[in-house]
Amino acid sequence: MTVVSSPLPRAFGPADLDTTADAQFAQGDAPRPPAGRTPGARPATHIPELHGLRGLALALVVAFHLFGNGRVSGGVDVFLVLSGFLATGSLLRRAERRELRLGEHYGRTFSRLVPPALVVLVATAALVWWVMPRGIWVQTGREILASALYYVNWEMIAGQLAYGAAGPQTSPLQHFWSMSVQGQFFLAWPIVVLIVVALARLARISPRALLIVVVGGTTTASFVFAQELHVVDQPVAYFHSWARFWELGVGGFLALVLPWLRLPGFLRPPLGWAGLGLVVSSGFVLDGGALFPGEWALWPVAGALLVLLGSGGSAVWGPRGLLQVAPLRFVADISYALYLWHWPLLIAYLHYTGLERPDWFGAAVIMTASVMLSWLTTKLVANPAQRFRERFGGVPALVAAVLCVSLVAGGTVAALRELERQDAELLARAEAVADAVDESGPSEYPGALALSPAYQDPVPDGVQVQPAPAVAAQDRPDVDGDGCIEGSRTPVSDTPLTCVLNDEPDPEQVVVMVGDSHTIQWSPAMTEVGEEENWRVLLMARRGCRLAASVEPPNPDNMCWTWRVNTLELLERMRPDAVLVVGSRTSPTEPGDTVSPAEVRAWKRLGSAGIRVVTLRDNPRFGFDVPACMEEQPDGFGCARARADVFSPVNPVENAKGVPQSAAHIDLTRFICREQLCEGVVGNVLIYRDDNHMTATYATTLARPLHQALRAKAKWLFVDPMRGPSVRMRF
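Below you will find a few notes about this structure.

What counts as what
- Residues numbered from 1 in each chain as written.
- Predicted model: local features only at pLDDT ≥ 70, side-chain atom pairs only at ≥ 80, totals over all residues.
- Heavy atoms only, no water.
- Pairing = 2+ DSSP bridges.
- Helix = DSSP H or I, 4+ residues; strand = E, 2+ residues; numbered from the N terminus.
- Axes fitted to C-alpha atoms, helices over the stretch in contact; angles between N-to-C directions.
- Contact = heavy atoms within 4.5 Å.
- Phe/Tyr/Trp six-rings, centres within 6.5 Å; stacked < 30°, edge-to-face > 60°.
- Buried < 20%, exposed > 50% of the residue type's maximum accessible area, 1.4 Å probe, protein only.
- Expected span 1.5 Å × (residues − 1).
- Parallel < 35°, antiparallel > 145°, perpendicular 65-115°, else oblique.
- Nonpolar A, V, L, I, M, F, W, Y, C, P; charged D, E, K, R; others polar.
- Disulfide = S-S within 2.5 Å.

## Some words on the sheet that holds strand β6 (residues 578–582)
Read from one edge to the other, the open sheet built from six strands follows the order β3-β5-β4-β6-β7-β9, with strand pairing classed as mixed. Each edge of the sheet is formed by a strand with only one pairing partner; in this case those strands are β3 (499–502) and β9 (664–666). Mean inter-strand twist for the sheet, computed between neighbouring axes without regard to direction, equals 25°. Pairing geometry for β6 and strand β7 (residues 613–616), over four bridges, is parallel. Its bridge partner lying in β7, V579 is registered against V613. Against the sheet, helix α19 (residues 523–533) engages β3, β4 (509–515), β5 (535–541) and β6, with an angle of about 155° to β5. Packed on one face of the sheet, helix α20 (residues 559–574) meets β4, β5 and β6 and runs near 160° to β5.

Given below as structure tokens:
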């Protein structure tokens, strides 16, 4: 068997480690080494399939982002396989020859990756400042910092971001997640290889054999972990480094075992074509954004492996000719820069035009601009950085890269501190407004009270809206940051977490609010009611989960159902005087609000246990970010929905089948929407902090309307068996 190695071409892409990485291939029909060549020396043979595959994968990534309406091409999965393949074989050979020096190696690697990335990050910061709303500047700044330091995938997990199609609400740095996964791999993998080689020498065994065991074991463990996490929490799995390692690992495993394989020459072309078919078809057949990195990610991964297995043959009918066409070679030459540039340009275009998806003209403009900027970045940034490394060495190049990262990271931290200072001032103004809400006299910020028939004072014009749209996303209930609300991605505890909103030593009533974020948003109003009435008010909430009951045995892998079962059992043991839930659900696109039969079953179960339920009608949901719209259009024109498009003519809970007779239903729509429109601002107070959640400031102005409605609909809460009706509430 003859082993042929191939230095990569000068151009590189997201999956590259360095241009001198050797890819080993077992080729029965490859030329034998010349006589006299030492066993460790290997002839350099260009392998065009690898370079062309990189270009094809990147072309698919860009094309699907621009024209795929949110579908994932599988190209990034191909990059991960190639990264593992190229890095592992190269690192092992250099470690075996005692030529692997970490400083030199990291300098070679990150002098390629860092300069283009920093240029794009700085440009993205400028685009965000120019065309994107002030409200996303802080989060984007955090993502710029995380991208520069190769941990943005964890930043997205911490921020509970899910991979999504390009849109005005999508992060302009979403695509950097894969660069972070690869960057972490490039940092850790050389150390792993050095440790394995050192242990093999101590044990007097083959370093390659030991590394095969290590790579095989860790890859298998990662694959199993990815499948389990994918079932439990797919958005986290999508960005998770360990859930993605198996894609890098299978590439590395192939690089290690391939020299021992002897594939007949006639078998390579069909393998190559089959792999190419899998790579190209992945995005058309699979919804990778929802299915990866689960088992379906094997589709593009297997495609990449088959192309690698089929490479190097001499048959003219193989895929080499296709992968050598000039357009693919050109795309491969600029692939890394093109991957970096196209996404922020796409998101900036959508913000600038106000479109939800790029039209064909816009996609062509973005593609042209991306290619031009990528070519310039490669010629003026990437190539000079490599010439610097070649002239001065890897360690100086590494020092230069670290200095550049430090400059960008330091500037980002300074900008973030200033933005956060400004945000704190704006939030303080909104908090002052909430503290001053009072319907007894005129106010600049009556909020929901401005829609009350009893409020006769005119709402003054020319008053700055509070909270400011720039900080609306941060205007959340105090309880939202107390750690007593279960996140949608946190494990479910046997005893649901409970927030105490108002704790009275001798409460007259106990009211428990239960549900998801649409219940949480009412906590400021309900807290005030509890303080006024001497009630103990509790909150049991899990993001994304409403209280419901299944007719079938709950799926143990469904954390919502597990939480629901535990919460219902706890409520039955507690026996509160009332359970308050959001009873209906609105839609951002469909007219009318609806009621879930599963939720009705939960209310019925509580009613059978003697626990009375109070339902709140849901608030409007919009198909756009309301604060961002208000920033672009301060007069609010275009930032509203017709009330008839949001709500059914009658509260659907009133007529829903199976709702217990003991339940009370509250509809405060008239304090959120005007007669015809559901707007973004009422009474000089911004209602929404995003596209469907109310600001804490506006929720506070709903306290008195909620109190009145409870008094009218849930009279049992205001009657003391010994003293009769409560008279402490005055209007």
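So much for the structure itself; the text now carries on.
## Points about the packing of aromatic side chains
Overall, the coordinates contain 20 aromatic pairs when judged by the stated rule. Seen from their ring centres, W177 and F239 are 6.1 Å apart, and the 70° between their planes marks the pair as edge-to-face. In this pair, W177 sits in helix α6 (residues 176–203) while F239 sits in helix α8 (residues 234–239), placing the two residues 62 residues apart along the sequence. Both residues of the pair, W177 and F239, count as buried.

## Regarding α20
Two residues of an α-helix separated by three or four positions point the same way, owing to the 3.6 residues in each turn. In this model α20 runs 22 Å from its N-terminal to its C-terminal C-alpha over 16 residues, within 8% of the 22 Å that 1.5 Å per residue would give. Looking at the buried residues of α20, the elements they touch are α7 (207–232), β4, β5, β6 and α21 (597–608). R575 occupies a position one or two residues after α20 and carries a positive phi of about 55°.

## Quick notes on unusual backbone geometry
A cis geometry characterises the amide bond from F292 onward to P293, with omega recorded as 5°. Structurally, the position occupied by P293 is in the loop between α11 (288–291) and α12 (298–309). Phi at Y150 is positive, roughly 65°, even though this residue is not glycine. Among the structural elements, Y150 can be located in the loop between α4 (137–148) and α5 (152–158). Despite not being glycine, N534 shows a phi value in the positive range, around 65°. The topology assignment puts N534 in the loop between α19 and β5.

## Comments concerning the packing of helix α3 (residues 102–131) against helix α15 (residues 335–353)
At a closest axis distance of 10 Å, the pairing of α3 and α15 adopts a crossing angle of 5°. When the axes of α3 and α15 are compared, the pair comes out roughly parallel. Of the residues in α15, those touching α3 at R112, L113, P116, A117, V119, V120, A123, T124, L127, W130 and V131 are Y336, L340, W341, P344, L345, A348, H351 and Y352. In the contact of α3 with α15, the residues fall into 16 nonpolar, two polar and one charged.

## Notes on the state of the cysteines
According to the stated counting rule, one finds four disulfides in the structure shown. There is a disulfide in this structure between C545 and C560, and the S-S distance comes to 1.9 Å. Disulfide C545-C560: torsion about the S-S bond near -95°, hence left-handed. Placement of the pair is C545 in the loop between β5 and α20 and C560 in helix α20, with a sequence separation of 15 residues. The class for C560 is buried, based on a relative accessible area of 16%. The disulfide bridge from C673 ends at C678, spanning 2.1 Å between sulfur atoms. For the disulfide bridge between C673 and C678, the dihedral angle about the S-S bond is near 100°, and by the sign convention the bridge is right-handed. Of the two residues examined, C673 and C678, each falls in the buried class.

## Digging into the pairing of β4
For a regular strand, the rule is simple: side chains alternate between the two faces of the sheet. Among the seven residues that make up β4, six are buried, leaving the element largely enclosed by the rest of the structure. Examined bridge by bridge, β4 and β5 share seven bridges and lie parallel to one another. Bridge assignment links V511 to a residue of β5, and that residue is V537. Two strands pair when backbone bridges link them, and β4 and β6 are joined in this way by three bridges, in the parallel orientation. By the bridge assignment for β6, V512 is matched with V579.

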